[in-house]
Amino acid sequence: MNAVTTTLSAPPRVSRGLGRDVGKGVWLVAGLIAAFLLLFLLLPVGTVIYSAFVTELGQPTFGHFLNFFGQTLFRESFANSLQVSVLSVIFASIIAIPLAYLTVRFDFRGATVIQTLGVLPLIMPPFVGAVALQLIFGRSGSLNLMLNDGFGITLPIMDGLTGVVFVESLHYFPFILLNLVASLRNIDGAMEESALSFGCTGFRLFRRVIFPLAMPGYLAGASLVFVKVFDDLGTPLVLGVTNMLAPQAYLRITSVGVDDPLGYVISVIMIGFSVLALWLAARVMKGRDYSTLQKGGNSLQRRALTPGMSVVAYGWILAVLLVVLSPHIGILLMSFAKVWSFSVLPDAWTLQHYSTAFTEAGGMIGNTLLYCGLAAGLDVVLGTAIAYLILRTRLPARQWLDWAASAGLAIPGLVLAIGYLRLFKGLEMPFTGTLVTASWLMLMLAYAVRRLPYALRSCYAALQQVHISLEESAQSLGASRLSTIRRIVVPLMAGGILAGFVTSFITAAVELSATILLTSSESNAPMSYGIYLFMQSPAGRGPGAALGVIAVAVVALGTYLSHWVVERNASRASARHPQP
C-alpha cells in the first residue's frame, strides 16, 4: 500500500503547447467533478455544520455548544477522545519508529518481510481485531490466564480506554511506518557521514540528524493516525466504551434522530480536530528545509549489526511482530474454535463457522465487492481527471478541485453519513419510490468520497512521471486531446491508477463508521456490517471471525494481484525496451 501524505503541491507550470487553450471539454469535465464534490461532500458537510449553529427556526445560535459543554458526559467524551488519540499516536510511534529505523539503517536480514508484516494490520478492520485481542489479552484471555496460573497476577490491557488505545495503536501504526520508511530512504547519506566525522554517533546521531530529516514523513503518518483514531466508531462500540465522541454522535443520531442538534455539535468538533491535526502537521514543517541533494545512489548506507545488537534487535522485532499480528492469529483461531472460553487455546475445533458465514452472509461478500469496486473505480476516474486538469491545463482555480477532493481525508465517515441522512432526508429515488438514504448507492458514494484522496495522490504522482513531450508529440501528429489521453496518458499511468484503485478498495472494505449508519437492511449490507452484527453476541463471534478472515483474504488477494499486475507490466516493458 502506498504511503499517504497530507501535503498538497502547488499547480505546476503547464507546457504552452499543451495547455494553451481551455476548451469546452475541459470546462465540462471540471464542472462535472465540481458538481459531484459539491453534492456529495461539501453540501452534506456544510449541512452538518449549519445544523450545529441554528435553532429549529433557523436562527443563529451558540446554545447547542453551550449545552454540549454543560453536560458532564459530553465533556468526558471530548476529553477521552483527545486522550485516546494522543496516546495512540505515542504508542504507534513507539512501535513504528524502531521498526523503520532498524530495517532501513542496518543490514537486516528479512527487512522486506518485516516491513510487509508490519503493514498487515491495515487490512483487518480494527473492531474485528478488538474482539480477537480480548480473547488473547482480556481479563479472561490467554495471556492473563497464563500469568494468573504462574504468578497470580493479571494485566488490565483490554479494560476501558486502555483497551481502545491498545487496539488503535496496533492497527494504525503502519501509517507512520510507511511514511517514515519512505522519508528515511530519501535522506542524503552524506549528511550522516558528516555528522559521524564530527563524532555524532548512536542515539545522538538519530535524535539530532536522522529523525529531524525524516520529520515530514513522521508527521504525515502521525497526523493520519490521530485523525483515524479520533473518528473511529467500531472499536469503542465493540469494547463497550461509549464515553467518546464518535460513539456519542452515533448514539444521539440513532436514538434521538437526525434532528438532534447535539449530534451535529459532536460532528463539528470531530471535523474541527481532524482538520486541526492535518493543519498542524503542515504548519510545523512550514519554513523549514528538509531537502537533500542525493539522487538515488547516496541514501543512508546500511551498516552491519554486531552479534549482540543482532540478538537484541531480532528479539525486540519478533516480540513486537508477535503482538502486532496477534489480532490476525486470534481471529483465525476464533474462526475454527467450537469452544473458546476461559482457556489459553480453543477446547474444540470446527469448520461450521465458515459454512454459517457463507450461508448467512454470502450476499454481504458480493455486496462488498460491488460497492468497493464501484467506489474505487469512481475514485480513479475522478483522480485521473483531477490530476490531468491540474497538471496539463490552465483551467482557472484548478487547484481548488485538488483541495476540495482532498478534504474528504479530514471528514470522519460518521460525519459524512450524518450529512447524507440530513441532506437527503425524505428524498426518493426516481421511478422507484425508494428513499435515497435507504439505497446502497449512498453507501457506495460515501466510500468513494472518503477514499478519493488516496486515489488522487496516486494518480497525481503517476501523471507527474509522464513527460509532457510524449503528449505533445502525439498531438503534433494529429491526435486529439481525448485520443492522447486514452492511448498515451492512461496506459503510462496504469501503475499509479492501479495503486489508487487497490488502496481505495481495501480501505473501503474495512469501513464501518459510515456503513453502520447508511446500511438500511441486511440484504444491502457489506461484510463490515455483517461482521459487526455477528460480533454482538457470543454465539455469533465464530461466524463473525470466519467472515473477518474472508474479508482479510479478499483484501490480501486484491493487494497481491495488484502487485502482480504491476510487476508483469514492468517486466513486459523491460522486455520491449531492453537497456543497451
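The numbers attached to residues start from 1 for each chain and follow its sequence in the written order. Local features in this predicted model are restricted to residues whose pLDDT is 70 or higher, and side-chain atom pairs enter the listing and the counts only when it is 80 or higher, whereas totals over whole chains, interfaces and linings include all residues. Values reported for side chains reflect all heavy atoms of the structure, with hydrogen atoms and water molecules removed beforehand.

**Here we look at the overall build of the chain**
Strands are runs of DSSP state E lasting at least 2 residues, helices are runs of H or I lasting at least 4, and numbering of each runs from the N terminus. Helix and strand counts for the chain come out as 26 helices and two strands. For every residue, the accessible area (1.4 Å probe, protein chains only) is compared with the maximum for its type, and the residue is labelled buried under 20%, exposed over 50%, or partly exposed between those bounds. Burial statistics for the chain: of 580 residues in total, 54% are counted as buried. Should any heavy atoms of two residues lie within 4.5 Å, those residues are counted as being in contact. Considering only contacts within the chain whose residues lie at least 6 apart along the sequence, 78% involve residues at least 24 apart. Only carbon and sulfur atoms are counted for the fraction: they give 65% of the accessible area of the chain, which is about 26,100 Å². In short, Shrake-Rupley with a 1.4 Å probe defines the accessible areas, and a residue's cover is counted only from the protein chains shown.

**What to know about the environment of Y529**
Here Y529 shows up in helix 25 (residues 527-534). The class of Y529 is buried, set by a relative accessible area of 16%. Measuring from C-alpha to C-alpha, the distance between Y529 and V510 comes to 9.3 Å, with 19 residues separating the pair along the chain.

**A short note on helix 2 (residues 24-52)**
Expected helix span is given by 1.5 Å per residue-to-residue step, counting one fewer step than there are residues. Taking 1.5 Å of rise per residue, the 29 residues of helix 2 would be expected to cover 42 Å, and the 40 Å separating its terminal C-alpha atoms lies within 8% of that figure. A residue's bend is the angle separating two fitted axes: one through the seven residues that end there, the other through the seven that start there. The axis of helix 2 is deflected most strongly, by about 45°, at L38.

**Overview of unusual backbone geometry**
Residues other than glycine seldom take positive phi values, yet A397 does so here, at roughly 55°. Residue placement: A397 occurs in the loop between helix 17 (352-392) and helix 18 (399-406). Of the residues examined, A397 reaches a relative accessible area of 53% and is grouped as exposed.

**A short note on the nonpolar core**
What makes a nonpolar core is a set of buried Ala, Val, Leu, Ile, Met, Phe, Trp, Tyr and Cys residues whose side-chain atoms join them at distances within 4.5 Å. Within the largest apolar cluster, 188 residues are counted, with the highest numbers of intra-cluster contacts made by F68, Y218, I331, Y420, I516, L517 and L547. Element by element, the count of residues in this core is highest for helix 17, at 17 residues. When residues no more than four places from it in sequence are discounted, the contact partners of I331 are M124, V128, A132, M535, A545 and V549.

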